[in-house]
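Each chain, letter by letter, is given below.
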Amino acid sequence: MIDSHTHLDLCDGPASQLVAAADAVGVTRILTVGIDGASCRAALAAAEAFPQVYAAIGRHPNAATGFDDGDLAELAALAEHQRCLAIGETGLDYYRDGAPRTDQARAFAAHIALARDTGKPLVIHTRAADEDTLAQLAAEAHGVSVVLHCFSMPQHLDECLQRGYAISFAGNVTYKSATELAQAAARVPAERLLVETDAPYLTPQVVRSQRNQPAFVAHTLAFLAELRGVSQAELGATVEVNGARLFGWG
């Protein structure tokens, strides 16, 4: 199985322990995601240190205040690293409004352009901004491979599938309150499906009292396998193939 979206630098404990714990439960690939300059560099360092770890380079929308050409140049330079396999996470977040919406949209556009220029998939964060996120993607991201990280808009599932987006589910799909999200997870075609932790956030229900880590992706995978009526081994193999196709990690 894989963890298609995590934040090793934010998790508890050293990366070596986190990666070893994930390896012990059968996690073969981990994409650790940068949200600002420092965390992008940390993601690349982890990717250099562990063969099963790769990096995504981006600026979280809540960290997009004042985003300018210098910020884009920094991201572009980091994205040239051979262990960087994706651009993001990027998008729009109106839930916290951690950055002005105009700055978020400008940073989002820059990430879309960088993904196109580099030929790397684009990892999307969206919260309380579904319509604007989808509108900007429709206007600017034609031909770009899009991954909807921590999928949160089941009411737009059909539209997202029609556009060819990859759909990634995190531990919140296991929550008892997430009925619509679980229904969406049951409907996603196997070839579009990814699984992630978004660690240290969104710990799966069965271990919700603990801080999340990449190894816990196994719990979300088990939930999704039961939901979809397939074995954990089959679903694990499916998401491995999907991750390899999207991110090119072999």
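Just so it is clear, the structure is predicted and the values come from calculations on it, not from any experiment. (Residues numbered from 1 in each chain as written. Predicted model: local features only at pLDDT ≥ 70, side-chain atom pairs only at ≥ 80, totals over all residues. Heavy atoms only, no water.)

(A) Representation of the layout of surface pockets in the model. Estimates place the volume of the largest pocket at around 520 Å³. In terms of lining residues, the largest pocket is bounded by 19 residues, among which Asp93, His125, Arg127, Asp198 and Leu202 are the most central. Listed by contribution, the elements that provide at least two residues to the lining of the largest pocket are strand 4 (84-93) and strand 5 (122-127). A per-class count over the lining of the largest pocket returns six nonpolar, eight polar and five charged. Its boundaries defined by the atoms lining it, the second largest pocket holds a volume of some 190 Å³. Considering the residues around the second largest pocket, the lining is formed by 16 residues, among which Val144, Val146, Arg163, Gly164 and Tyr165 are closest to the centre. At the level of secondary structure, the elements contributing two or more residues to the lining of the second largest pocket comprise helix 5 (130-140) and helix 9 (232-247). Looking at the lining of the second largest pocket residue by residue, the classes come out as eight nonpolar, four polar and four charged. (1 Å grid on protein atoms, 1.4 Å probe; cavity = no way out; pocket = protein on both sides within 12 Å on 5 of 7 lines; lining within 4 Å. Points joined across faces, edges and corners; volume = space filled by probe spheres on them. Helix = DSSP H or I, 4+ residues; strand = E, 2+ residues; numbered from the N terminus. Nonpolar A, V, L, I, M, F, W, Y, C, P; charged D, E, K, R; others polar.)

(B) Spatial organisation of the packing of aromatic side chains. For the coordinates displayed, the defined rule picks out three aromatic pairs. Their ring planes at 35° and their centres at 5.7 Å tell us that Tyr54 and Trp249 sit as a pair that is tilted. Taken together, the residues Tyr54 in strand 3 (residues 53-57) and Trp249 in the segment after helix 9 connect sequence positions 195 residues apart. Classification of Tyr54 by relative accessible area gives buried; the value is 10%. Relative to Trp249, the ring of Phe247 lies with its centre 5.1 Å away and its plane at 40°, an arrangement referred to as tilted. (Phe/Tyr/Trp six-rings, centres within 6.5 Å; stacked < 30°, edge-to-face > 60°. Buried < 20%, exposed > 50% of the residue type's maximum accessible area, 1.4 Å probe, protein only.)

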